[in-house]
Amino acid sequence: MIKFQFSLVVIVLVMLAAPVSSQVGMSRVPNTTIQMPAEMPVSGFGLVPALGSLRFEEPVAIAFPPGEVGRVFVVERRGRILVVDRTEPEPSASVFLDIRNEVNSSWIESGLLGLAFHPDYATNGYFYVFRTSTESSAASPGYRHNVVVRYSVSVADPNAALLESKEYIVKQLDVSPEHNGGDIHFGPDGYLYFSIGDNGPGPVDASDHPHQPIDGGMFGGVFRIDVDLRPDSVAPNPHHAVTGNYAIPPDNPFIGVTEHHGVAVDPGEVRTEFYAYGFRNPWRFSFHPVTGALYLGDVGNAAWEEINIVEPGENYGWPYIEGLTE
């Protein structure tokens, strides 16, 4: 596990092209591919709007279909996805998906939070969104849930999604509107990864979320699932969040475990969707385009934010530690 820590500063993270040290000492490998001037010039540079005069309402994510460069998809927290054509002299936008009536965005950390295109989007037209909404499930009718949903694009119009194509992938009951995480991406391995926070606010106090459970719900972690139902994948353990529309990659790290933090656990109760755990609010993550490393920004409690390199099966500390505490 590698963890970078920062104290209440604005950070621009440049993902390193050089290999990253596996040492827990947080040493930074010098980047040899990007050179900064010894002194920043006082003039001669400026900002240029990337999308012309377009404006968006509470944008939280952007995504590109695999292999495309001419279109940008912008996710608005309140429940819309806009598609922007960048090939025109003045970029234009149209509504790709509008699910504002299905999204619970009353709290700032809730809403439509993530978008991922299937690696074979050009042929199957599948894309996946993460949203918070008032849903019914086997656990609770008509209550707040964290939801992963698959949609299809219209065959007749590549700039329009089919609302009626909705298929639930995950439907996790959540008692709090906060710490929803909500990012979602396909990894280099073709599996779908998504993040969910710790099921509510709280100080650095283990009594709030005891023993970082992996045998409860999908909380405080990065999760990895197989939405293509490959023949070597295994069925998920029964749980109200499971829809039957995904399987578990055979090398997920918590398959078959019988002990967690010195406590016996039933391997039939473990949420084998876990890829890594110990996160407070894993808000955004991405995969390095060269190395495939997973970089994740975890929102801190008060004074510290974290950027972590996420490795399978690792514990990233919350709610026992954060920031400089080791």
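In what follows, the structure referred to is the one given above.
To keep things clear, this report deals only with the structure shown in the data block. (Residues numbered from 1 in each chain as written. Predicted model: local features only at pLDDT ≥ 70, side-chain atom pairs only at ≥ 80, totals over all residues. Heavy atoms only, no water.)

Read from one edge of the open sheet, four strands run β2-β3-β4-β5, paired in antiparallel fashion. One side of each edge strand has no neighbouring strand; the edge strands of this open sheet are β2 (59–63) and β5 (92–98). Averaged over all pairs of adjacent strands, the angle between strand axes in this sheet comes to 25 degrees, irrespective of strand direction. Pairing of strand β4 (residues 80–85) with β5 involves six bridges; the strand directions are antiparallel. Across the sheet, residue Arg80 finds its bridge partner in β5, namely Asp98. (Pairing = 2+ DSSP bridges. Helix = DSSP H or I, 4+ residues; strand = E, 2+ residues; numbered from the N terminus. Axes fitted to C-alpha atoms, helices over the stretch in contact; angles between N-to-C directions.)

Here we come to the nonpolar core. Residues Val170, Leu192 and Phe194 are the most contacted members of the largest nonpolar core, which totals 27 residues. For this core, the secondary structure elements donating two or more residues are β6 (112–117), β7 (126–135), β9 (161–173), β10 (184–186), β11 (192–196), β12 (221–225) and β15 (274–277). Top element by residues in this core is β11. It accounts for three residues. One finds Ala61, Phe73, Val149 and Val153 within the second-largest nonpolar core, a separate group that totals 22 residues. (Core = buried A, V, L, I, M, F, W, Y, C linked by side-chain atoms within 4.5 Å. Buried < 20%, exposed > 50% of the residue type's maximum accessible area, 1.4 Å probe, protein only.)

To continue, consider the pattern of salt bridges. Inspection of the entire model under this criterion finds 13 salt bridges. In this structure, the salt-bridge partner of Glu58 is Arg77, at a minimum N-O distance of 2.6 Å. Of this pair, Glu58 sits in the loop between β1 (2–7) and β2 while Arg77 sits in the loop between β3 (71–76) and β4, placing them 19 residues apart in sequence. For Glu58, a relative accessible area of 31% translates into the label partly exposed. In this structure Arg77 comes out as buried when scored by relative accessible area, which is 6%. (Salt bridge = Lys/Arg side-chain N within 4 Å of Asp/Glu carboxyl O.)

Throughout the structure, instances matching the rule amount to 15 aromatic pairs. Judged by centre distance (4.8 Å) and plane angle (70 degrees), the ring pair of Phe117 and Tyr121 falls under edge-to-face. We note that Phe117, like Tyr121, is buried. Within the aromatic cluster, the residues linked to one another by ring pairs are Phe73, Phe96, Phe117, Tyr121, Phe127 and Tyr151. Residue placement shows Arg230 over the ring face of Tyr191; its charged tip is 4.0 Å from the ring centre. The ring of Trp283 is capped by Arg284, whose NZ or CZ atom sits 3.8 Å from the centre of that ring. (Phe/Tyr/Trp six-rings, centres within 6.5 Å; stacked < 30°, edge-to-face > 60°. Lys NZ or Arg CZ within 6 Å of the ring centre and 35° of its normal.)

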